[in-house]
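So you can see what is in the structure, the chains are spelled out below.
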Amino acid sequence: MTQQKTWSQRFESALHPAIARFNASINFDIELIEYDLTGSQAHAKMLAKSGIISQGESEQLVTGLEQIRQEYRQGKFNPGIEAEDVHFAVERRLVEIIGDVGKKLHTGRSRNDQVGTDTRLYLREQIQVIRSQLREFQTVILDLAEKNVETLIPGYTHLQRAQPLSLAHHLMAYFQMTQRDWERLGDIYQRVNISPLGCGALAGTTFPIDRRYTAELLGFEDIYANSLDGVSDRDFVVEFLAAASLIMVHLSRLSEEIIFWASAEFKFVNLKDSCATGSSIMPQKKNPDVPELVRGKTGRVFGHLQAMLVMMKGLPLAYNKDLQEDKEGLFDGVNTVKACLQAMTILLKEGLEFRSQRLNEAVNEDFSNATDVADYLAAKGIPFREAYNLVGKVVKTSIENGKLLKDLSLTEWQELHPAFAADIYEAISPRQVVAARNSEGGTGFSQIEQALKTARNLLKNTK
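Reading the values: the criteria
- Residues numbered from 1 in each chain as written.
- Predicted model: local features only at pLDDT ≥ 70, side-chain atom pairs only at ≥ 80, totals over all residues.
- Heavy atoms only, no water.
- Helix = DSSP H or I, 4+ residues; strand = E, 2+ residues; numbered from the N terminus.
- Rg over C-alpha atoms; globule rule 2.2 N^0.38 Å.
- Areas by Shrake-Rupley, 256 points an atom, 1.4 Å probe, with all protein chains shown as cover.
- Contact = heavy atoms within 4.5 Å.
- Axes fitted to C-alpha atoms, helices over the stretch in contact; angles between N-to-C directions.
- Parallel < 35°, antiparallel > 145°, perpendicular 65-115°, else oblique.
- Left-handed = near helix turned anticlockwise from the far one by under 90°.
- Nonpolar A, V, L, I, M, F, W, Y, C, P; charged D, E, K, R; others polar.

### Quick look at the overall build of the protein chain
(1) Moving on: What the protein chain contains, in helices and strands, is 19 helices and six strands.
(2) Moving on: For 463 residues, the compact-globule formula gives about 23 Å, and the C-alpha radius of gyration of the protein chain, at 31 Å, lies well above that figure.
(3) Moving on: By element, 51% of the accessible surface of the protein chain is carried by carbon and sulfur atoms, the whole surface being about 22500 Å².

### Topic: the environment of Leu-105
(1) Moving on: By secondary structure assignment, the location of Leu-105 is in the loop between α5 (86–98) and α6 (111–146).
(2) Moving on: Those residues within four positions of Leu-105 in sequence are excluded, and the remaining contacts are Ser-40, His-43, Ala-44, Leu-47, Leu-61, Leu-65 and Leu-94.

### With respect to unusual backbone geometry
Across residues other than glycine, the phi torsion is negative in most instances, and most of the peptide bonds are trans.
(1) Moving on: Ala-318 follows Leu-317 through a cis peptide bond whose omega is 5 degrees.
(2) Moving on: Along the polypeptide, Ala-318 turns up in the loop between α11 (289–312) and α12 (326–351).
(3) Moving on: Although it is not a glycine, Glu-84 sits at a positive phi angle of roughly 65 degrees.
(4) Moving on: Locating Glu-84 in the fold gives a position in the loop between α4 (55–73) and α5.

### Here we look at the packing of α11 against α12
(1) Moving on: As a packed pair, α11 and α12 sit with axes 9 Å apart at the nearest point and diverge in direction by 155 degrees. When the interaxial angle is binned, α11 and α12 end up roughly antiparallel. As α11 packs across α12, the resulting crossing turns out to be left-handed. Contacts between α11 and α12 involve Val-290, Pro-291, Val-294, Lys-297, Arg-300, Val-301, His-304, Met-308 and Met-311 from the first element and Asp-326, Gly-329, Asp-332, Gly-333, Thr-336, Cys-340, Ala-343, Met-344 and Leu-347 from the second.
(2) Moving on: The residue inventory of the contact of α11 with α12, partitioned by class, reads 10 nonpolar, four polar and four charged.

Put into structure tokens, the structure is as follows:
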């Protein structure tokens, strides 16, 4: 680390070795190398089109950059700490391959707009991957829901038994959550897909570059209208991490429910051996590691979002070295979301089975049909609040007597109110309780069938 670095003759000595290590980002921004090479090739083509370098020089640059790509893919290009970052590593290797022509590549651009371009190219691709994963996750949810339209499950509020639901309805709530995730990422993609290339260090460049040509070559929809904003904007990283955090929220909520459902207290699902582990000391244990890890990893994605917000809030225009800190959190956020989506998709598809008999027992062992008794009376003209208070008393006395509502005799019902008739038993049966909630978006079976059909068409007609 004693050789003169890439800096100008303004500097008389190299960095202190410890500072060089502290300053370097090559150990993590090597992740951007393929995007850096692609962006540099577009820049080289633009330089020739604009008459800044010759066509022959441009072709040498493009060919040399492609050679570096192949060397990297073959494991032959492994720059170390002396390269500082991926951009210098590529430029130095390019000069080794094609000579002094390689030194012309950086004409009309800065590392500031270069890294911004690379990061957008990377995130643009990763967003598409994650959106595809979300679609796969939704497909598994939908497949599972279609098999369980008539499977009932207790519904909860405040983690207390509330009203019975179709299991399909419960599962489809997560379909809707992930649909918002998919749409949200699509919105963010539009703001990621804007090119900062050509903004220079902060003020543009004196060279007659064609920013719209490089944007077209790289598939960007537009260019930044302000060079200061172009090199310093990381809103798109914050937006992505916010969207990633919401994806993790949704996965974590489902994870929490699966953990409950798999417990001996609930026994709603069986975990299959392919997606569970045992205890090192207790041979009877089967642990829900997948949902527990997803629940745990949610916090690290939240942390990356918080770190970006705290970093950005105090940065003056334009570029500051602080912005080097955007990458590790972004890369880890992307990788964490992808890994969690994959694991949860496998778990739902292959790793658990719902215990239909236990679920059927569960919806028959509580007072979650109490609201339907009040509705029954209200439908016969009794004011709902009066009916509500009456049913509250019925529940209280039933609990004291160790009975459920279904256990009351017709005589007992009619002693409570003469409006009760023999049809009360059908009205409070769990299946009828579910079927009766036929308002749009409700858990009624006909509503569920329509929701499943709509969801299947949605998946079929959108990528």
